[in-house]
Amino acid sequence: MRRPSVRNHFPRILCSLLLIGASAWASAPSAAPAARSTPADASATVLARVVPAPASVQAGGASYVIGSGTRIHVPGNSNEVRKIGDYLAAVLRPSTGYPVPVVADGGDRDGIVLKLGAAVSGAGSRTAAGAPGAGGGQVPRDTAVALGAEGYRLIVSGQSVTLGAEQAAGLFHGVQTLRQLLPAAVEKHSVQSGPWTVPGGTITDVPRYAYRGGMLDVSRHFFSVAQVERYIDQLALYKINQLHLHLSDDQGWRIAVDSWPRLAAYGGSTQVGGGPGGSYSKADYREIVRYAAGRYLTVVPEIDMPGHTNAALASYAELNCSGTAPPLYTGTQVGFSSLCVSKDVTYRFADEVLGELAALTPGPYLHIGGDEAHSTGHADYVTFMDKVQPIVTKYGKTVLAWHQLAGAHPVAGAVAQYWGTDGSEKEVADAAKAGLRLVLSPANRAYLDMKYTASTPLGLDWAGLVEVKDSYNWDPATFVKGAPASAVLGVEAPLWTETIVTSANIDYMAFPRLPGIAEIGWSPAATHQWDAYKVRLAAQGPRWTALGIGYYRSPQVPWPSD
Ligand code: TNX
């Protein structure tokens, strides 16, 4: 495959990064599992195993054991927090066999307490060692750290597990951490023997980057709503907060558009290799959005333009400069298709498609593609982007596009998704200096469709072979040479599906690399260390097995036998 370079520039907004000082890091993930098994060591070991690595971990104090009397308390009984309580209960009930009721009262502190809002920053009284104090259950004011939109604090003592956050997303992320503090068998769907011990200590955690994405290409091969929801559940485990859906490409158009009905009906009728394809009705798409929102993920829909458009061009002859529709395409070449930049109908098409998609999408972004437009001349490419970006902003959305946008005129506030391999594209760095924000998806690091080794049965290798260590060892802040670190909004792991057909295929390519990209997006740079990470990652293996996720057992990772 030919991969093009980019040109050009533009304005800015800073992504505020909330970083806890490395000093707060205490005994955390860099501490490899201890060989001895005194209770304190055992606690430290378990607390130090979380992926993504939390910003601050203090092990110590009595452990909490989930038992038949454990309840999940939702003081204030807000609907949103109750849903998170129900989600946690749904994880705990099948494997523990306990009833784990979710109750509104906050008075009884013997159990798991989910606290939202003001109480979190209020006076607290538990020590890091978990000794109960006068304000039992309050989240202590033990650091000056603001938990913000997604942070949380988890305090485990002999009496209770108290999870506090300023926003519900933080509680949800804290629940993912709590899952990892329990034995892997907690993820199974039948009753297992405990004990269900949560080690004593305190975790205070906030993300490094606001945007932490996973992309699924549902165009090259179509994936059902249930398959997408399965992937959402996997993304949520690692605190990913954006689901980018690549909804259109040469091989298939996957979203119903009322004003252009043949896009889905005809353009969605096949896929790579000539299978039946498929598309989402608007109700299907709303269901994906709803399900994702319940896991604190925002859906980022992509309509790839002006290239990667054969499915649309085949559906409507008038979109072609020639006026003739090409046949549907089921191969894997890229760069041969283009919307007709000089025709007015092209912009009516873009307006109506993006308008309908904006109306269905509560999240802030519309991704307009813009990659590999090899059949669109540069001047035409710039013209097209000049006309289509304002359509996105007219519908109240933020422009997201592949990094070729940097070679056109990115509008104020736009975000470019970088997919190069060596960070040498000066146009991208210049545009970032001028204010373009970046989401980092370097293909030789973050592309989940790259083979791990030459013998990986699935995947492609145009960006190289990407073993687990390659995938983990990079820093978003410095990857694009000359781009200011402040321009980086976050990271994303794309999974292109030319060779990916089933959920088992998705599992195998995403695991174990996806958690590494999630960690790069979430954890403080100071925690980044392969030797410690591979031990933490290894501990995830039994969890994936318990969840039915079949992963690649990379020889780089010291997996336990499970
Ligand atoms: C490049 S990177 C593409 C996709 C392919 C992918 C395969 C980018 C924005 N486009 O069209 O599916 O490589 O790895």
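To be clear, the structure that these remarks concern was listed above.
As the structure is a prediction and not an experimental result, all values here were calculated from the model.

Reading guide: rules and limits
Note on numbering: residues in each chain are counted from 1, in written sequence order. pLDDT decides what is reported in this predicted model: residues at 70 or higher carry local features, side-chain atom pairs at 80 or more are listed and counted, and totals for whole chains, interfaces and linings draw on all residues regardless. Think of the side-chain values as coming from all heavy atoms in the structure, minus any hydrogens and water. By the criteria applied, helices consist of DSSP H or I runs no shorter than four residues and strands consist of E runs no shorter than two, each listed in order from the N terminus. In this scheme, a residue with accessible area under 20% of its type's maximum is buried, one over 50% is exposed, and one in between is partly exposed, where area comes from a 1.4 Å probe on protein chains only. Any two residues having at least one pair of non-hydrogen atoms within 4.5 Å are treated as being in contact. Using a 1.4 Å probe, the Shrake-Rupley method yields the accessible areas, and only the shown protein chains count as cover for residues. Note on disulfides: each one is a pair of cysteine sulfur atoms within 2.5 Å. When DSSP finds at least two bridges between two strands, those strands are taken to pair. With the strands aimed away from the viewer, a crossover counts as right-handed if its path from the first strand over the helix to the second runs clockwise. Every helix has an expected span of 1.5 Å times one less than the residues it contains. Inter-axis angles, ranging from 0 to 180 degrees, are taken between N-to-C directions of lines fitted to C-alpha atoms, where helices are fitted over the stretch in contact. Oblique is the label for any angle not covered by the other classes, which are roughly parallel (under 35 degrees), roughly antiparallel (over 145) and roughly perpendicular (65 to 115). Crossings are assigned a handedness: left-handed for a near helix turned anticlockwise from the far helix by less than a right angle, right-handed for a clockwise turn. Under the grouping applied here, Gly and all other residues not named as nonpolar or charged are polar, the nonpolar ones being Ala, Val, Leu, Ile, Met, Phe, Trp, Tyr, Cys and Pro and the charged ones Asp, Glu, Lys and Arg. Salt bridges are defined as contacts in which a side-chain nitrogen from Lys or Arg sits within 4 Å of a carboxyl oxygen from Asp or Glu.

Engineer: Residue-level account of the overall build of the protein, with values.
Structural biologist: The helix and strand inventory of the protein stands at 17 helices and 19 strands. Within the span of the protein, comprising 562 residues, buried residues form 60% of the whole. The long-range share in the protein, meaning contacts at least 24 apart out of those at least 6 apart in sequence, stands at 74%. When the accessible area of the protein is evaluated, it comes to approximately 18,500 Å², of which 55% is carbon and sulfur surface.

Engineer: Run through the state of the cysteines, naming residues and quoting values.
Structural biologist: Here the structure, examined in full by the defined rule, presents one disulfide. The disulfide partner of Cys-321 is Cys-340, and the S-S distance across this bridge is 2.0 Å. Taking the sign of the S-S torsion, 95° for the link of Cys-321 and Cys-340, the bridge is right-handed. With a gap of 19 residues between them, Cys-321 in the loop between helix H8 (310-315) and helix H9 (344-360) and Cys-340 in the loop between H8 and H9 connect regions that are remote in the sequence. A relative accessible area of 55% places Cys-321 in the exposed class. We classify Cys-340 as buried; its relative accessible area is 1%.

Engineer: Which residues make up the pairing of strand E11 (residues 242-246), and what are the values?
Structural biologist: Across the five residues of E11, five count as buried, placing the element largely inside the fold. Residue alternation in E11 divides its side chains into two sets, Gln-242, His-244 and His-246 and Leu-243 and Leu-245, and both sets are buried. Across five bridges, strand E10 (residues 211-217) lies against E11 in parallel orientation. Note on E11: the bridge partner recorded for Asp-217 is His-246. With helix H5 (residues 225-237) bridging E10 and its parallel neighbour E11, the resulting β-α-β unit is right-handed. Taken together, the five bridges between E11 and strand E14 (residues 298-305) define a ladder with parallel strand orientation. Bridge assignment links Leu-245 to a residue of E14, and that residue is Pro-301.

Engineer: Quick one: what's the story with unusual backbone geometry, residue by residue and with numbers?
Structural biologist: The phi torsion of most residues other than glycine is negative, and most of the peptide bonds are trans. With an omega of -5°, the peptide bond between Met-305 and Pro-306 qualifies as cis. The omega torsion of the bond from Phe-511 to Pro-512 falls at 20°, within 30 degrees of zero and hence cis. You can see Pro-512 is positioned in the loop between helix H14 (503-510) and helix H15 (513-522). Although it is not a glycine, Lys-239 adopts a positive phi angle of roughly 70°. With a phi close to 45°, Glu-372 is a non-glycine residue in the positive phi region.

Engineer: Talk me through helix H2 (residues 79-96); I want residue IDs and the actual numbers.
Structural biologist: With 18 residues, H2 should cover 26 Å at 1.5 Å per step; its first-to-last C-alpha distance of 25 Å lies within 8% of that length. Looking only at H2, the buried set comprises Val-81, Ile-84, Gly-85, Tyr-87, Leu-88, Ala-89, Val-91, Leu-92, Ser-95 and Thr-96. Each element contacted by the buried residues of H2 is listed here: strand E2 (64-66), strand E3 (71-73), strand E4 (102-103), strand E5 (111-116), helix H4 (168-181) and strand E8 (196-198). Positive phi appears at Gly-97, one or two residues downstream of H2, with a value of about 80°.

Engineer: Explain the packing of H9 against helix H10 (residues 378-394) to me, and be specific about the residues and the numbers.
Structural biologist: It is the contact of H9 with H10, at a shortest axis distance of 10 Å, that shows an interaxial angle of 30°. Taken as axis vectors, H9 and H10 run roughly parallel relative to one another. You can see that H9 and H10 cross each other, and the crossing is right-handed. Packed against H9, whose contacting residues are Thr-346, Tyr-347, Ala-350, Asp-351 and Leu-354, the element H10 presents Phe-384, Lys-387, Val-388, Ile-391, Val-392 and Lys-394 at the interface. For the contact of H9 with H10, the residue count by class is seven nonpolar, one polar and three charged.

Engineer: Any details on the sheet that holds strand E7 (residues 160-165)? Residues and values, ideally.
Structural biologist: A sheet is described by the order of its strands in space; here seven strands give the open sequence E1-E9-E6-E7-E5-E3-E4, paired in mixed fashion. A strand with exactly one partner marks an edge of an open sheet, and here the two such strands are strand E1 (56-59) and E4. The pairing of E3 with E5 spans three bridges and is parallel. Its bridge partner lying in E5, Ile-72 is registered against Ile-112.

Engineer: Tell me about the pattern of salt bridges, and name the residues and values.
Structural biologist: Opposite charge on two side chains allows them to pair when their charged atoms are near. On inspection of all chains with the given rule, the structure shows 18 salt bridges. A salt bridge links Arg-179 to Glu-187; the shortest N-O distance between them is 2.8 Å. Assessed through its relative accessible area of 8%, Arg-179 is described here as buried. Note that Glu-356 and Lys-282 form a salt bridge whose closest N and O atoms lie 2.5 Å from each other. Linking Glu-356 in helix H9 with Lys-282 in helix H7 (residues 282-294), this pair joins segments that are 74 residues apart in sequence. Sharing partners across several salt bridges, the network here consists of Asp-217, Arg-220, Asp-249 and Glu-498.

Engineer: Before we move on, can you summarise the packing of H5 against H7 with the specific residues and values?
Structural biologist: The angle between the axes and the distance between the axes are what describe a pair of packed helices. Contact pair H5 / H7: the axes reach a minimum separation of 10 Å and the direction vectors enclose 15°. Relative to H7, the element H5 is oriented roughly parallel. Of the two possible hands of crossing, H5 and H7 adopt the one that is right-handed. Here H5 contributes Val-225, Val-228, Glu-229, Ile-232 and Asp-233 to the contact with H7, which in turn contributes Asp-284, Glu-287, Ile-288, Tyr-291 and Ala-292. Taken together, the residues that form the contact of H5 with H7 break down as six nonpolar, no polar and four charged.

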